[in-house]
Amino acid sequence: MARPRIVIVGAGFAGFTVARKLAKLSHGSAEIVIVNPTDYFLYLPLLPEVATGLLEPRRVTVSLAAALPGVRVILGEADNFDLDGRTVGYTDPEGGTGRIGYHRLVISVGSVNKLLPVPGVAEHAHGFRGISEALYLRDHITRQIEMAGNASDDAERQARCTFVVVGAGYTGTEVAAQGVLYTDDLVKPWPELHGRPRWLLLDTAERLLPSLDHRLAEASDAVLRERGVEVMTKTSVQEATDDGVRLSTGEFVPTRSLIWCVGVRPDPLVDHVGLPTREGRLVVDEFLTVPGYPDVYAIGDAAAVPDLTMPGEITGMTAQHAVRHGTTAAHNIAASYGHGRRRAYKHHDLGFVVDLGGLDSAANPLGIPIKGFPAKVVTRGYHLLSMPGNRVRVAGDWLLDSVLGRHGVQLGLIPGRAVPLDVNSAE
Ligand SMILES: Cc1cc2nc3c(=O)[nH]c(=O)nc-3n(C[C@H](O)[C@H](O)[C@H](O)COP(=O)(O)OP(=O)(O)OC[C@H]3O[C@@H](n4cnc5c(N)ncnc54)[C@H](O)[C@@H]3O)c2cc1C
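Below is a short write-up of the structure. (Residues numbered from 1 in each chain as written. Predicted model: local features only at pLDDT ≥ 70, side-chain atom pairs only at ≥ 80, totals over all residues. Heavy atoms only, no water.)

This part is about the nonpolar core. Membership of the largest hydrophobic core comes to 103 residues, with the highest contact counts inside it found for Val18, Val60, Phe81, Leu105, Ile107 and Trp199. Ignoring sequence-local partners within four residues, the contact set of Phe81 consists of Val9, Thr87, Val88, Leu105, Ile107, Leu269 and Val273. Counting 17 residues, the second-largest nonpolar core is a separate cluster that includes Val118, Val121, Val237 and Leu258. (Core = buried A, V, L, I, M, F, W, Y, C linked by side-chain atoms within 4.5 Å. Buried < 20%, exposed > 50% of the residue type's maximum accessible area, 1.4 Å probe, protein only. Contact = heavy atoms within 4.5 Å.)

Looking at the secondary structure, you find Arg281 in strand E21 (residues 281-283). Through-space distance from the C-alpha of Arg281 to that of Ala222 is 35 Å; in sequence the pair is 59 residues apart. In this structure, Arg281 is in contact with Pro266, Val270, Pro276, Gly300, Asp301, Ala302, Ala303, Ala304, Ile314, Thr315, Gly316 and Met317, ignoring residues within four places of it in sequence. One polar contact links the side chain of Arg281 to the main-chain carbonyl oxygen of Thr315, over a distance of 2.8 Å. (Helix = DSSP H or I, 4+ residues; strand = E, 2+ residues; numbered from the N terminus. Polar contact = N/O pair within 3.5 Å; in protein donor to acceptor, adjacent residues only side chain to side chain.)

Regular strands have side chains that alternate between both faces of the sheet. In strand E9 (residues 104-107), alternate side chains face the same way, and those of Arg104 and Val106 on one face and Leu105 and Ile107 on the other are all buried. As judged from the four bridges shared by strand E1 (residues 5-9) and E9, these two strands associate in the parallel manner. For Ile6, the partnering residue across the bridge sits in E9 and is Arg104. Judged from the three bridges that link them, E9 and strand E23 (residues 293-298) form a sheet pairing that is parallel. If you follow Leu105 over to E23, its bridge partner there is Val296. (Pairing = 2+ DSSP bridges.)

This part covers the site of the ligand. Among the 31 residues in the neighbourhood of the ligand, the closest are listed as Ala14, Asn36, Ala78, Asp301 and Ala319. Between an oxygen atom of the ligand and a main-chain N or O atom of Ala14, the distance comes to 2.8 Å. Between the ligand and Arg129 there is a distance of 3.2 Å, counted from an oxygen atom to a side-chain nitrogen or oxygen. Protein contacts shield 91% of the accessible area of the ligand, which totals 990 Å² for the unbound molecule. Counting only elements with at least two residues in the shell around the ligand, the list comes to helix H1 (13-26), strand E2 (31-36), strand E6 (77-82), helix H7 (170-186) and helix H9 (319-336). Element by element, the count of residues in the shell around the ligand is highest for H9, at three residues. Split by residue class, the shell around the ligand holds 17 nonpolar, ten polar and four charged. (Near = heavy atom within 4 Å. Areas by Shrake-Rupley, 256 points an atom, 1.4 Å probe, with all protein chains shown as cover. Nonpolar A, V, L, I, M, F, W, Y, C, P; charged D, E, K, R; others polar.)

Below, the structure written as structure tokens:
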């Protein structure tokens, strides 16, 4: 290896940021290689808008080759690490295998859907963590309304018009808020379905958005209830069947749509690296290196990064942290070659945005709570600024949606069996 080679495993918020910053800092003096299963960076915060028919799927993807000139992209999934021999093994999308050596390694493989051991959930629920799952869900919701429109049996019609979202974090809250607008739009051609779509949002916590500022939760709760979403706190699913779900309250809800948004857990690959973990995430120091291997960095959802603003805690699994981990890791890698000084990761929360569809959002930029249209402007502005590409296309979709309404057709490209909730990710 003539030039130092830096291998980054995973091109999400954290890995993409390291690659982009390092490419700038190194001016070509280092070889930067990304190993990632897809040829794009996925802007996950807008995935609920894909699942509810607002954004076209490719809008939330950014081509790695186009956005990261000079960075080599290997399409593949890393599946083994030899930290003493400094190599990473991977399998490409066609089943071929390869192995690459490194001088510095960054592990940024993110997280996967979290399953809970509830009977029937793995078979009947659908989550979304990637494009294919979001696209499947969009088609599924569309199909339920279309089939309800043609159903002769009233019970079937009602079941197809009922959507149960489990998990009222930001993903579940956005899906329920935006989903009800989508189905209200879809039923327009069927007068007999008007007023029928029923959306339930469940969480075992005492309120919506349990990990966020309570003022965001209150604003979101009000919007959801105004739209007729049944918000059920301190409630969970006890069983899922072909015909519906039984809630912890004992109620049986006939439905064909169980949407699983209970959160994420670190990618299972983390368990196979052979390094210490905390809450399933790779332990790192404040400089983002793993114990005993100063040339190996772990960042993003996959890493337990100490939160120096809250001693004893680790940073949350958010895009905000992942991006800033990426920036710090890039600087520290450059510093390890004598360019600048390494720094500890320290980041104060800058606030959060929750897009509720229509003209509604809830946000707390710099801790100041806002809602309604001002929050909408902040939310959309934030997403456009945060996306590393495709901004005009996303803004174009938003504009078209506000003028023309949703384009409610199924593409039918993804069969349900292709997007199961991953049984391997069960706790
Ligand atoms: C639907 C949804 C909405 C969200 N909304 C928000 C939000 O509004 N605000 C916010 O702050 N956070 C949000 N989050 C959380 C945020 O997206 C994550 O915290 C963030 O993506 C973490 O970044 P990361 O780089 O660690 O992981 P990711 O962005 O998940 O990237 C991991 C990358 O690693 C790749 N990878 C996985 N396994 C391998 C392997 N074996 N080999 C190679 N590559 C691999 C993946 O394909 C992916 O490209 C949301 C998450 C979801 C799922």
